[in-house]
Number of protein chains: 2
Amino acid sequence: MRLALIGFGNVGRAFARLIDQQRPNYLFRIVAIHTARQGTAYDPAGLPVQPPFGPAAANIEEFLDRAECDAVVEITTLNPETGEPALSHIRAAFARGRHVVTANKGPVAHAYSDLASEARKKRLQFRFESTVMDGAPVFNLVRKTLPAAKVQGFTGVLNSTSKIVIAAMREGKTRQEGIGIAFRLGITEADPSYDLDGWDSAAKTAALANVLLDARTTPQQVEREGISGFTEDDVRELAASGKTVCLVSRGETTGAGIRLSVRPEILDDTDLLASVHGTSNLLLLHTDLMGTVGTVSIAPGVEQTAYGLFSDLVDILETIS
Amino acid sequence: MRLALIGFGNVGRAFARLIDQQRPNYLFRIVAIHTARQGTAYDPAGLPVQPPFGPAAANIEEFLDRAECDAVVEITTLNPETGEPALSHIRAAFARGRHVVTANKGPVAHAYSDLASEARKKRLQFRFESTVMDGAPVFNLVRKTLPAAKVQGFTGVLNSTSKIVIAAMREGKTRQEGIGIAFRLGITEADPSYDLDGWDSAAKTAALANVLLDARTTPQQVEREGISGFTEDDVRELAASGKTVCLVSRGETTGAGIRLSVRPEILDDTDLLASVHGTSNLLLLHTDLMGTVGTVSIAPGVEQTAYGLFSDLVDILETIS
């Protein structure tokens, strides 16, 4: 299977290494890579792990027209408010008859239903395991191991920056020092408000709801409250009484529709949701037949995000063959 | 697919209800049920949820010879020391060309490699999702959602009775009162030593190791220490310092072979392993490509064990068709 990558940052480089390492067993070949900054690289025989970039293609359409590939791997940087430019990249790939895997939660959070429908019409596959929980089985868990079970809701602690900032404040550091720790770990942006105001969690909540609850929603429609209302003193007072605050994503199917929220919740220190620290994360799925079952991922990094893309491609191979 | 059940206790009855409920979508039909106490029932057209039992077949061979089925569902009560009688039942089913699903951890803990090999030779399927974590995806998770990844070890808190007894002791109750609570919840036997001495965990550890680490081991070969060394005072002293004791199952692939253990570990109250309470359980898989990823199951019951059997049957259907 010939792959074209859009984007080649940390995840892209980890993905190229993984594909190279798995070559004895899986016939994936990266034949084209497009980046806005580094340029564009093509080689129908397969690009090396550190590809030689030439001039950048004028636009994605030109890149995809020239790249002779079977599947597109979309791993650009996200504009979280709209899902762009990843959304347009995916549509351009579908328009050219290419399967798509992405680690970008924006398109799934903003337009899953449309994208799934476009893919279906063209008999193409669309996979996105790495969009929530960095490659740990979530969507594939439901699709492949929970037959006939209906997901009725979910509860997750999915944002690393908020966990790290709260943990720092519990230890006597300031909020700003906590943000500094998260920034140095490479898990938050220069502007941490995307994480701390709950937008990252809202995007993941919308993505989960769109796929698992057929919600047809967007991050903007998720009830959202960040953790900025909690001062250092608040957090330390909670800690003194054996409690903590967590930014919790919830989705629930009710008689009146689907209710989605991201909110700080005050929990006992011993609560399962409070026991997932640092960059680890946890998602519980509330189902009709299998009760509440969940996935936990301990301190995932870019290698795991890359693995999620790889597992999606293997799944596409098995589906189409 | 025509099913024959060996055993018809709480899990069997929940399974019969589930099969009945899923009939519109899944063509499973229970055509025979054998129990030692209630007798044996046959109906090629499909038995009702509450079957009319006739005289018991003289033995499993007679039962299986008469029951015209495609798959056998083994759900008898376990003799944990040997894996019998379930092990013989499964062999008798394979000998007659029937696929097997079981919720009985004994056969997988004692003889997985042989059973898998017998099944392979006869081109039959063998599934056992409900043997560890009551139906939550563990074995199917690895097989179906973690392509190319190698499980190198695992860490789990898999025994409910020990959790409930420790929790009771933390609250000021005696060990015996804790055992009473577990007994009334229906999760431990009249003799709780199987749970408290770590045999239940050792059987699950051996099952996991046999399947995921290719260990060819038995529960007797797992390094095993139960929680009976911890008195009420010990547990309360730990609690006062924010700590607790958990019965932890560990498997590890080392240069010198596979190391398996079940031991009480003293953990912070806020440790993820300590945050799984009551009948809930958690298993972390340590992999090469996907880092550490796990499954958590919240308060599963017989319905979830029944669902695990059902999910195995669906998987067999998909595999053979």
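Because the structure is predicted, anything quoted here is derived from the model rather than measured.

Visitor: Provide a residue-level description of the sheet that holds strand E5 (residues 99–102) of chain B, including the pertinent values.
Guide: All names here are of chain B. Pairing is mixed across the open sheet formed by six strands, whose spatial order is E3-E2-E1-E4-E5-E6. The two strands at the open ends of the sheet, each matched to only one other strand, are strand E3 (39–42) and strand E6 (126–127). Examined bridge by bridge, strand E1 (residues 2–6) and strand E4 (residues 71–74) share four bridges and lie parallel to one another. In the strand pairing of E4, Leu-5 is matched with Val-73.

Visitor: Tell me about the packing of aromatic side chains, and name the residues and values.
Guide: As enumerated under the stated definition, the model contains 22 aromatic pairs over all chains in all. Ring centres of Tyr-307 of chain B and Phe-310 of chain B lie 5.9 Å apart, and the angle between their planes is 40°; this geometry places the pair in the tilted category. Taken together, the positions of Tyr-307 of chain B and Phe-310 of chain B, both in helix H11 (residues 302–320) and three residues apart, correspond to about one turn of that helix. Phe-310 of chain B carries the same exposure label as Tyr-307 of chain B, and that label is buried. An aromatic cluster of three or more residues is present, and its members are Phe-94, Tyr-112, Phe-126, Phe-128 and Phe-139 of chain A. One residue, Arg-66 of chain B, lies across the ring of Tyr-42 of chain B, its end atom 3.8 Å from the ring centre.

Visitor: Could you give me a rundown of the interface of chain B and chain A, with the residues and numbers involved?
Guide: Between chain B and chain A, the contact holds 41 residues from the first and 41 residues from the second. With both chains or domains summed, chain B and chain A bury close to 3200 Å², and 68% of this area falls on carbon and sulfur atoms. It is Leu-289, Met-290 and Tyr-307 of chain B in chain B that bury the most area against chain A; as a group they hold 20% of the surface buried on that side. Run the count over chain B and chain A and you get zero salt bridges.

Visitor: Provide a residue-level description of the environment of Val-235 of chain A, including the pertinent values.
Guide: All names here are of chain A. Its place among the elements puts Val-235 in helix H10 (residues 232–240). Taking the C-alpha atoms as reference points, Val-235 and Ala-116, separated by 119 residues in sequence, lie 42 Å from one another. Excluding residues that lie within four positions of it along the chain, Val-235 makes contacts with Ile-166, Met-169, Arg-170, Phe-230 and Val-245.

Visitor: Before we move on, could you go through the sheet that holds strand E7 (residues 151–157) of chain B and cite the residues and values that matter?
Guide: The twelve strands are arranged E8(A)-E10(A)-E9(A)-E7(A)-E11(A)-E12(A)-E12(B)-E11(B)-E7(B)-E9(B)-E10(B)-E8(B) in an open sheet whose pairing can be described as mixed. Every interior strand has two partners, whereas the edge strands, strand E8 (223–224) of chain A together with strand E8 (223–224) of chain B, have only one. In this fold helix H9 (residues 199–212) of chain A packs onto strand E7 (151–157), E8, strand E9 (243–254), strand E10 (257–268) and strand E11 (281–287) of chain A, with an angle of close to 135° to the strand it touches most, E10 of chain A. With respect to the sheet, helix H6 (residues 160–170) of chain B is in contact with E7, strand E9 (243–254) and strand E11 (281–287) of chain B, its orientation differing from that of E9 of chain B by roughly 150°.

Visitor: Please set out the relation of the copies chain B and chain A residue by residue, giving values where relevant.
Guide: Relative to chain A, chain B is turned by 180° and slid 0.0 Å along the rotation axis, the superposed coordinates differing by an RMSD of 0.0 Å. Both chain copies can therefore be described as sitting about a two-fold axis. With an isologous cut-off of 70% or more, the 100% of interface residues of chain B that recur at the interface of chain A puts this contact in the isologous class.

Visitor: A description of the nonpolar core should follow, citing residues and the corresponding values.
Guide: Counting residues in each nonpolar core, the largest one holds 190 residues, and the members touching the most others are Leu-3, Phe-15 and Phe-126 of chain A together with Leu-3, Phe-15 and Phe-126 of chain B. With sequence-adjacent residues up to four places away left out, Phe-15 of chain A is seen in contact with Leu-3, Leu-5, Ile-30, Val-73, Ala-306, Leu-309, Phe-310 and Leu-313 of chain A.

Visitor: Could you give an account of helix H3 (residues 86–95) of chain A, with specific residues and numbers?
Guide: What sets the pattern is the α-helix's 3.6 residues per turn: residues three or four places apart point alike. Residues and elements named next belong to chain A. Counting buried positions along H3 gives seven out of ten residues, so the element sits mostly inside the fold. All of the buried residues along H3 are Ala-86, Leu-87, His-89, Ile-90, Ala-92, Ala-93 and Phe-94. On its buried face, H3 is in contact with strand E1 (2–6), helix H2 (60–66), strand E4 (71–74), strand E5 (99–102), helix H4 (105–121) and strand E6 (126–127). Immediately downstream of H3, the backbone of Gly-97 shows phi near 75°, a positive value.

Visitor: Hey, could you go over the side chain of Ser-275 of chain A for me, with residue numbers and the actual values?
Guide: The topology assignment puts Ser-275 of chain A in the loop between E10 and E11. Classification of Ser-275 of chain A as buried rests on a relative accessible area of 2%. Here the side chain of Ser-275 of chain A touches Asp-271 of chain A through a polar contact of 2.7 Å, landing on its backbone oxygen. When residues no more than four places from it in sequence are discounted, the contact partners of Ser-275 of chain A are Asp-269 and Thr-270 of chain A together with Thr-270, Asp-271, Leu-272 and Ser-275 of chain B.

Visitor: Quick rundown of the packing of helix H3 (residues 86–95) of chain B against helix H4 (residues 105–121) of chain B? Include the residues and the values.
Guide: Two packed helices can be described by the angle between their axes and the distance between those axes. Residue and element names in this part refer to chain B. At a closest axis distance of 10 Å, the pairing of H3 and H4 adopts a crossing angle of 10°. On the basis of the axis angle, H3 is roughly parallel to H4. Residues Ala-86, Leu-87, Ile-90, Arg-91 and Phe-94 of H3 pack against Pro-107, Ala-111, Asp-114, Leu-115, Glu-118 and Ala-119 of H4.

Visitor: Before we move on, could you go through the pattern of salt bridges and cite the residues and values that matter?
Guide: Residue and element names in this part refer to chain A. For the coordinates displayed, the defined rule picks out 40 salt bridges over all chains. Arg-127 is paired through a salt bridge with Asp-315; the nearest N and O atoms lie 2.7 Å apart. On the criterion of sequence distance, the pair formed by Arg-127 in strand E6 and Asp-315 in helix H11 (residues 302–320) is long-range, its members being 188 residues apart. When its relative accessible area of 5% is taken as the criterion, Asp-315 is described as buried. For Arg-143, the salt bridge goes to Asp-315, with nearest N and O atoms at 2.3 Å. Of this pair, Arg-143 sits in helix H5 (residues 139–145) while Asp-315 sits in helix H11, and the two are 172 residues apart along the sequence. Three or more residues are tied together by salt bridges with common partners; here these are Arg-127, Arg-143, Lys-144, Asp-315 and Glu-318.

Scoring rules and cut-offs
- Residues numbered from 1 in each chain as written.
- Chains lettered and ligands numbered in written order.
- Predicted model: local features only at pLDDT ≥ 70, side-chain atom pairs only at ≥ 80, totals over all residues.
- Heavy atoms only, no water.
- Pairing = 2+ DSSP bridges.
- Helix = DSSP H or I, 4+ residues; strand = E, 2+ residues; numbered from the N terminus.
- Phe/Tyr/Trp six-rings, centres within 6.5 Å; stacked < 30°, edge-to-face > 60°.
- Buried < 20%, exposed > 50% of the residue type's maximum accessible area, 1.4 Å probe, protein only.
- Lys NZ or Arg CZ within 6 Å of the ring centre and 35° of its normal.
- Contact = heavy atoms within 4.5 Å.
- Buried area = accessible area lost by both parts, 1.4 Å probe.
- Salt bridge = Lys/Arg side-chain N within 4 Å of Asp/Glu carboxyl O.
- Axes fitted to C-alpha atoms, helices over the stretch in contact; angles between N-to-C directions.
- Least-squares fit on C-alpha atoms with pLDDT ≥ 70 in both.
- Core = buried A, V, L, I, M, F, W, Y, C linked by side-chain atoms within 4.5 Å.
- Polar contact = N/O pair within 3.5 Å; in protein donor to acceptor, adjacent residues only side chain to side chain.
- Parallel < 35°, antiparallel > 145°, perpendicular 65-115°, else oblique.

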